[in-house]
Amino acid sequence: EDKVVQSPLSLVVHEGDTVTLNCSYEVTNFRSLLWYKQEKKAPTFLFMLTSSGIEKKSGRLSSILDKKELFSILNITATQTGDSAVYLCAVEASYNNNDMRFGAGTRLTVKP
Amino acid sequence: EPEVTQTPSHQVTQMGQEVILRCVPISNHLYFYWYRQILGQKVEFLVSFYNNEISEKSEIFDDQFSVERPDGSNFTLKIRSTKLEDSAMYFCASSVTRGLWETNYGYTFGSGTRLTVV
């Protein structure tokens, strides 16, 4: 059965800290891994990763995929209170299965 | 920036009643999806839709569920006879292409409809 496991489930840090969120997966016919940020309602897209070892970066956020070890990390540097959210990892399987499987998410709380 | 629009934002219904959740995907997107998130749980795939037919569905999407694209813009999810356990946030999403590896934009999600079955 396909699995997407995120850790930790929750994390509390102070502004300015750097955090690393983890996502491991077991998916038949892996296609891509996506990171989303969910605040109050809809998940908003952060990154899509398809190739190992290539870092994607957007401001203070960055992410990398390891297809050999089947995991990805999402790094946030110099955290701000606005980074408080649930961060979701999702994996897209083969071309014939165009649904995403989501992990349970990591709830990040950034305190002032 | 284009967005996916969902209505209503919150719906309360009695058990056994039919509900229709509505979505307007982004106009040039071709693939449409419904996901749900029970409070405190993970986001779960329900169904994907392309070219006026279902392309994939999960085990959650049983005979009580149906989807329709009645015109060129709306995409609806119908639950025929709601149960208490259908209470959840329902998200509509759309994407340009089927294989996300062809794009770098992921899926665009709507803001969701919170369905409460009493």
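Use the structure listed above.
All residue numbers refer to position in the chain's written sequence, counted from 1. Labels follow written order: the first chain is A, the first ligand is 1, and so on. Local features in a predicted model are, by the rule used here, given only for residues with pLDDT of at least 70; side-chain atom pairs are given and counted only at 80 or more, and totals for whole chains, interfaces and linings are based on all residues. Excluding hydrogens and water, the side-chain values take into account all heavy atoms of the structure.

K.L.:
For this particular structure, what's the right way to read the overall build of chain B?
P.N.:
Numbering of helices and strands runs from the N terminus; a helix is a DSSP stretch of H or I covering at least four residues, while a strand is a stretch of E covering at least two. What chain B contains, in helices and strands, is 0 helices and 11 strands. Secondary structure elements of chain B occur, N-terminal to C-terminal, as β-β-β-β-β-β-β-β-β-β-β. Atoms counted for the radius of gyration: C-alpha only. Globule rule: 2.2 Å times the number of residues to the power 0.38. A compact globule built from 118 residues should have a C-alpha radius of gyration of about 13 Å, and chain B, at 14 Å, falls within 12% of that. The principal-axis extents of the C-alpha atoms in chain B amount to approximately 40 × 25 × 25 Å. The buried share among the 118 residues of chain B stands at 48%. We call two residues in contact when some of their heavy atoms are within 4.5 Å. Taking all contacts inside chain B whose residues are at least 6 apart in sequence as the whole, residues at least 24 apart take part in 55%. Every accessible area reported is derived by Shrake-Rupley at a probe size of 1.4 Å, with residue values counting cover from the shown protein chains alone. For chain B, the exposed area adds up to about 5,900 Å²; of that, 45% sits on carbon and sulfur atoms. Neither His nor the chain termini are counted; the positive set is Lys and Arg, and the negative set is Asp and Glu. Charge coordinates come from a single atom per side chain, which is NZ of Lys, CZ of Arg, CG of Asp or CD of Glu. Taking the average place of the 10 positive charges on the side chains of chain B and the average place of its 14 negative ones, the gap between the two points comes to 3 Å. Accessible area is worked out with a 1.4 Å probe on protein chains only. A residue is then buried under 20% of its type maximum, exposed over 50%, and partly exposed in between.

K.L.:
Help me out: how do you make sense of the pairing of strand β11 (residues 113-117) of chain B in this one?
P.N.:
Looking along a regular strand, one sees the side chains alternate between the two faces of the sheet. Residues and elements named next belong to chain B. By the alternation rule, side chains of β11 split into T113, L115 and V117, which are all buried, and R114 and T116, of which none is buried. We call two strands paired when DSSP finds no fewer than two bridges between them. Bridge count for strand β2 (residues 10-13) against β11 is 4 bridges, and the pairing is parallel. Bridge pairing in β11 places Q11 opposite L115. Pairing geometry for strand β9 (residues 88-95) and β11, over 3 bridges, is antiparallel. Along β11, the bridge assignment pairs Y90 with T113.

K.L.:
Just checking my understanding: could you explain the pairing of strand β8 (residues 71-76) of chain A for this structure?
P.N.:
All names here are of chain A. Counting buried positions over the 6 residues of β8 gives 5, a clear majority of the element. Of the strand pairs in this sheet, strand β3 (residues 19-26) and β8 are connected by 6 bridges, and their pairing is antiparallel. Residue pairing for β8: L21 is matched across the bridge by L74. Following strand β7 (residues 61-66), the chain reverses through 4 residues before pairing antiparallel with β8; L70 in that reversal takes a positive phi of roughly 60 degrees.

K.L.:
In this structure, what is going on with the packing of aromatic side chains? I would like to understand it.
P.N.:
Each pair of aromatic rings is reported with the distance of its centres and the angle of its planes. When the centres of two rings from Phe, Tyr and Trp lie within 6.5 Å, Trp using its six-membered ring, the rings pair. Their planes under 30 degrees apart give stacked, over 60 give edge-to-face, and anything left gives tilted. Tallied over the full model, the rule gives 15 aromatic pairs over all chains. Through pairs of rings, three or more aromatic residues link up here, namely Y36, F45 and F102 of chain A together with Y35, F45, F91 and F109 of chain B.

K.L.:
Would you mind going over the state of the cysteines with me for this structure?
P.N.:
In a disulfide, the sulfur atoms of two cysteines are held together by a covalent bond. Residue and element names in this part refer to chain B. The criterion for a disulfide is a pair of cysteine sulfur atoms lying within 2.5 Å. What the rule picks out here adds up to 2 disulfides over all chains. The residue that forms a disulfide with C23 is C92, at a sulfur-sulfur distance of 1.9 Å. Across the S-S bond of C23 and C92 the torsion is about -65 degrees, and the bridge reads as left-handed. One end of the pair, C23, is in strand β3 (residues 19-24); the other, C92, is in strand β9, and 69 residues separate them in sequence. Note on C23: relative accessible area 0%, which makes it buried.

K.L.:
Help me understand the pattern of salt bridges in this model?
P.N.:
Between side chains of opposite charge, a pair can form as their charged atoms come close. Residue and element names in this part refer to chain A. By salt bridge we mean one thing: a side-chain nitrogen of Lys or Arg within 4 Å of a carboxyl oxygen of Asp or Glu. If you walk through the whole model with that rule in mind, you get 4 salt bridges over all chains. Across the salt bridge formed by K3 and E26, the nearest N and O atoms sit 3.8 Å from each other. In this pair, K3 is assigned in strand β1 (residues 3-7) and E26 in strand β3, connecting sequence segments 23 residues apart. Note on K3: relative accessible area 41%, which makes it partly exposed. Taking the shortest distance from any N to any O, the salt bridge between R60 and D83 comes out at 2.8 Å. With R60 in the loop between β6 (56-58) and β7 and D83 in the loop between β8 and β9 (85-92), this pair connects stretches of sequence that are 23 residues apart. A residue is classified by how much of its surface remains accessible, and R60, at 23% relative accessible area, is partly exposed.

K.L.:
Got a minute to help me understand the layout of surface pockets in this structure?
P.N.:
To find the voids left in a structure, one rolls a probe of water-molecule size over its atoms. Estimates place the volume of the largest pocket at around 540 Å³. If you trace the largest pocket, you find 23 residues lining it, with E1, P2, E3, T108 and F109 of chain B closest to the centre. For the lining of the largest pocket, the secondary structure elements donating two or more residues are β5 (43-49) of chain A together with β10 (108-109) of chain B. Per element, the largest residue contribution to the lining of the largest pocket is 3 residues, and it comes from β5 of chain A. Considered class by class, the residues forming the lining of the largest pocket number 10 nonpolar, 9 polar and 4 charged. Considered as a void within the structure, the second largest pocket measures approximately 390 Å³ in volume. Of the grid points, spaced at 1 Å and generated over the protein atoms alone, those admitting a 1.4 Å probe that cannot get out make up cavities, while open sets with protein on both sides within 12 Å along at least five of seven lines make up pockets; any residue with an atom within 4 Å of a point is treated as lining. Along the walls of the second largest pocket sit 20 residues, with Q38, V86 and R107 of chain A together with Q37 and G40 of chain B positioned nearest its centre. When residues are sorted by character, Ala, Val, Leu, Ile, Met, Phe, Trp, Tyr, Cys and Pro go into the nonpolar class, Asp, Glu, Lys and Arg into the charged class, and all the rest, Gly among them, into the polar class. Its residues assigned to classes, the lining of the second largest pocket comprises 8 nonpolar, 6 polar and 6 charged. Grid points are joined across faces, edges and corners, and a volume is the space filled by probe spheres set on the points.

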